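The residues making up each chain are set out below.
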Amino acid sequence: MGGHLNFNHLLFLGHGALWTIGLSLIALGGGGLAGFVIALARVSPLKSVRLLSAVYVQLIQGTPLLVILFLGYFGLAAVGFQLSPLAAAGASLTLYVAAYLGEIWRGCIESVPKPQWEAAEGLALSRTQRMMKVILPQAIRIATPPTVGFMVQIIKNTSLASVVGFVELMRSGQIVNNSLFEPFAIYAIIAVVYFAMCYPISLYSQRLERRMGRGKFNLAPA
Amino acid sequence: MQQDTPATSIVSLRDVQKSFGSLKVLDGVSFAVERGEVLAIIGRSGSGKSTALRCIDRFERVDHGEIVVCGHRVDSPDVDLRALRQDVGIVFQSYNLFPHLTIEQNITLAPCSVKRMALSQAKELARKVLAQVGLEEKLHAYPEQLSGGQQQRAAIARSLAMQPKVMLFDEVTSALDPELTAEVQRVIERLAAEGMTMVMVTHEMGFAKSIADRIVFMHRGKVHETGPASILTSPTTPELAQFVGTGDLKS
């Protein structure tokens, strides 16, 4: 036991970091798609659809991600659905991200001034056309900075997938530490790698926000 | 939904009532607009004139009464809204151009997606309606790059591109300074001269007097006085006399 941190350890950590990025992309892709549906459902003209999607959002937002992960991996296994760590982590993160992105995007859709809806309605556009051609293009502009900002949360939250045995950056750090017993050095490396992934995205999000302020067109009602 | 209406009435309201909560904004409003006619609705803020206009295009639902617009029973719950709005053009006080689209795209959007017009044909149409409002050179500009008056003229052009049978103007110059107001009014005057049927809510008494075939003066949710533009200079009710007395009648 013991020994020193060598190239193989770093390679192992690098591999874990790649899976952190992979899991983040899965969560963003799956959660983004599902979140888009949630956002549309939250502004649906049908009350039952609005209510159902609101219940979903509240349920997920009121549950720790760790609990969702446990349910997906250990809970489902106990009732006969054994998911792989990757599937359990991917599905849990997708459910989680969908609720938050859905809520962020609902806000963006609703922040497009109401007269824009009326103008589109006055031109005889159908509800779908109003949404796709008038409202969403404006909402997407508004949504970009907070969505990019939320990416940081996703990346950091993937570390929780380590508890179901999924070997991403955090879990690979734990494994390396189990053989070296140098927690300070190893977790410091882990922290630096997370920071290196998150900080550029934070910066980019801030830049997008600043650019929004002096965009080619602003969205304030005239 | 085509139904029987008097042969020439494009818009008719009969005993229309509408409340917002406990506030009765329209209390038995009736008027009709004939083909080619220009009707100006005037009155104090809160008299119900904008609400009456918005009821014509079904932006507000009425509680009671009958509204027929180009043969559509607007008060009926199963009116075909998209058919109604192809016949009715509406222009708002705040222009409401789509900021993410160029002026050309603003104009071609509805003809292309609602009437399934070919893009090349729609672009031709955009040129034509922009020429009508004197803005050909702004085809590829974004709304934000235009002055308020230009934006409002572009909004009028956007409405015209759908070739409506009647145009509604909801205080379209209220956000503009006098110079820009004049340029928008010239466009509306030209439309009137070309025979467009129009209903306008306006605070510009001079403009109403010069362009309207008929005036509807609304007061407390009712049509208080109606008649030719001359009622502005010789009102028969004290309320209208007081209202125009405070307005600016120089034209």
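Residues numbered from 1 in each chain as written. Chains lettered and ligands numbered in written order. Predicted model: local features only at pLDDT ≥ 70, side-chain atom pairs only at ≥ 80, totals over all residues.

Student: Please clarify how unusual backbone geometry should be interpreted in this entry.
Tutor: All names here are of chain B. At Arg58, a position not held by glycine, the phi torsion is positive, near 60°. Looking at the secondary structure, you find Arg58 in the loop between α1 (49–56) and β4 (64–69). Despite not being glycine, Tyr95 has its phi angle at roughly 60°, a positive value. Looking at the element boundaries, Tyr95 is found in the loop between β6 (88–91) and α3 (103–114). (Helix = DSSP H or I, 4+ residues; strand = E, 2+ residues; numbered from the N terminus.)

Student: I'm lost on the sheet that holds strand β1 (residues 9–20) of chain B in this one. Help?
Tutor: The strands that make up a sheet are held in pairs by hydrogen bonds between backbone atoms, and each pair lies either parallel or antiparallel. All names here are of chain B. Judged by pairing direction, the sheet is antiparallel, and its four strands sit side by side in the order β2-β1-β4-β5 without closing on themselves. Either end of the sheet is taken by a strand with one partner, and the two such strands are β2 (23–34) and β5 (72–73). Taken together, the nine bridges between β1 and β2 define a ladder with antiparallel strand orientation. Looking at β2, one finds that Ser9 is bridged to Glu34. (Pairing = 2+ DSSP bridges.)

Student: How should the UniProt feature "domain: ABC transporter" (unreviewed entry) in chain B be read in this particular structure?
Tutor: The positions that UniProt labels "domain: ABC transporter" (unreviewed entry) are, in the present scheme, residues 11–245 of chain B. Span residues 11–245 of chain B is 36% helix and 26% strand, its end C-alpha atoms 30 Å apart. (UniProt positions renumbered as here; feature names shortened; annotations may be inferred.)

Student: Just to check I follow, could you spell out the UniProt feature "transmembrane region" (unreviewed entry) in chain A for this structure?
Tutor: Residue and element names in this part refer to chain A. UniProt records the feature "transmembrane region" (unreviewed entry) at residues 17–41, 53–76, 82–101 and 184–204, using the numbering of this structure. Helix makes up 85% of residues 82–101 and strand 0%, with an end-to-end C-alpha separation of 28 Å. Between the first and last C-alpha atoms of residues 184–204 the distance is 30 Å; the span itself is 100% helix and 0% strand.

Student: How do you make sense of the interface of chain A and chain B when you look at a structure like this?
Tutor: For an interface, size is often stated in terms of accessible area lost upon the parts coming together. On the chain B side, the residues contacting the 21 residues of chain A number 22 residues. Breaking the side of chain A that touches chain B down by element, the ones donating at least two residues are α5 (114–122) and α6 (127–157) of chain A. Of the residues that constitute the side of chain A that touches chain B, the class distribution is eleven nonpolar, six polar and four charged. (Contact = placed C-beta atoms within 7 Å. Nonpolar A, V, L, I, M, F, W, Y, C, P; charged D, E, K, R; others polar.)

Student: I'm lost on the sheet that holds strand β10 (residues 222–227) of chain B in this one. Help?
Tutor: Residue and element names in this part refer to chain B. Taken together, the six strands give an open sheet; going across it, the order is β6-β7-β8-β3-β9-β10, and neighbouring strands pair in mixed fashion. Across the chains shown, the open sheet's two edge strands, defined by having one partner strand only, are β6 and β10. Pairwise comparison of adjacent strand axes, ignoring direction, gives a mean angle of 20° for this sheet. Sheet topology note: the strand β9 (residues 214–219)/β10 ladder contains five bridges and is antiparallel. Its bridge partner being in β10, Ile215 is matched across the sheet by Gly227. (Axes fitted to C-alpha atoms, helices over the stretch in contact; angles between N-to-C directions.)

Student: Is there a simple way to explain the nonpolar core in this structure?
Tutor: Counting 120 residues, the largest nonpolar core has Ile41, Ile56, Ala157 and Val199 of chain B as its most contacted members. Per element, the largest residue contribution to this core is eleven residues, and it comes from helix α4 (residues 85–110) of chain A. In contact with Ala157 of chain B, other than residues within four places in its own chain, are Ile107, Val129, Leu130, Gln132, Val133 and Leu135 of chain B. (Core = buried A, V, L, I, M, F, W, Y, C linked by C-beta atoms within 7 Å. Buried ≥ 20, exposed ≤ 12 C-beta atoms within 10 Å, placed from the backbone.)

Student: What am I meant to see in the confidence of the model for chain A here?
Tutor: Detailed reading of the predicted model is not advised wherever pLDDT is low. Residue and element names in this part refer to chain A. Averaged over every residue, the pLDDT of chain A is 92; residues scoring 70 or more account for 95%. Element-level pLDDT for chain A is lowest in helix α8 (residues 183–213), with a mean of 91, against a maximum mean of 97 in helix α2 (residues 47–61). Taken as a whole, residues 215–222 scores under 50 in pLDDT and shows 18 contacts with residues more than four places along the chain or in a different chain. (pLDDT = per-residue confidence, 0-100.)

Student: How should the UniProt feature "domain: ABC transmembrane type-1" (unreviewed entry) in chain A be read in this particular structure?
Tutor: Taking the numbering used here, the UniProt-annotated feature "domain: ABC transmembrane type-1" (unreviewed entry) corresponds to residues 17–205 of chain A. Spanning residues 17–205 of chain A, this segment combines 83% helix with 0% strand, and its end C-alpha atoms are found 22 Å apart.

Student: Where do I start with the pairing of β4 of chain B in this structure?
Tutor: Residues in a regular strand point their side chains to alternate faces of the sheet. Residue and element names in this part refer to chain B. Relative to β4, β1 is paired through five bridges, and the arrangement is antiparallel. Across the sheet, residue Gln17 finds its bridge partner in β4, namely His64. Bridge analysis of β4 against β5 gives two bridges, and the strand direction is antiparallel. Residue pairing in the sheet places Val68 in a bridge with Arg73 of β5. Between the antiparallel neighbours β4 and β5 lie two residues, among them Cys70 with a positive phi of about 50°.

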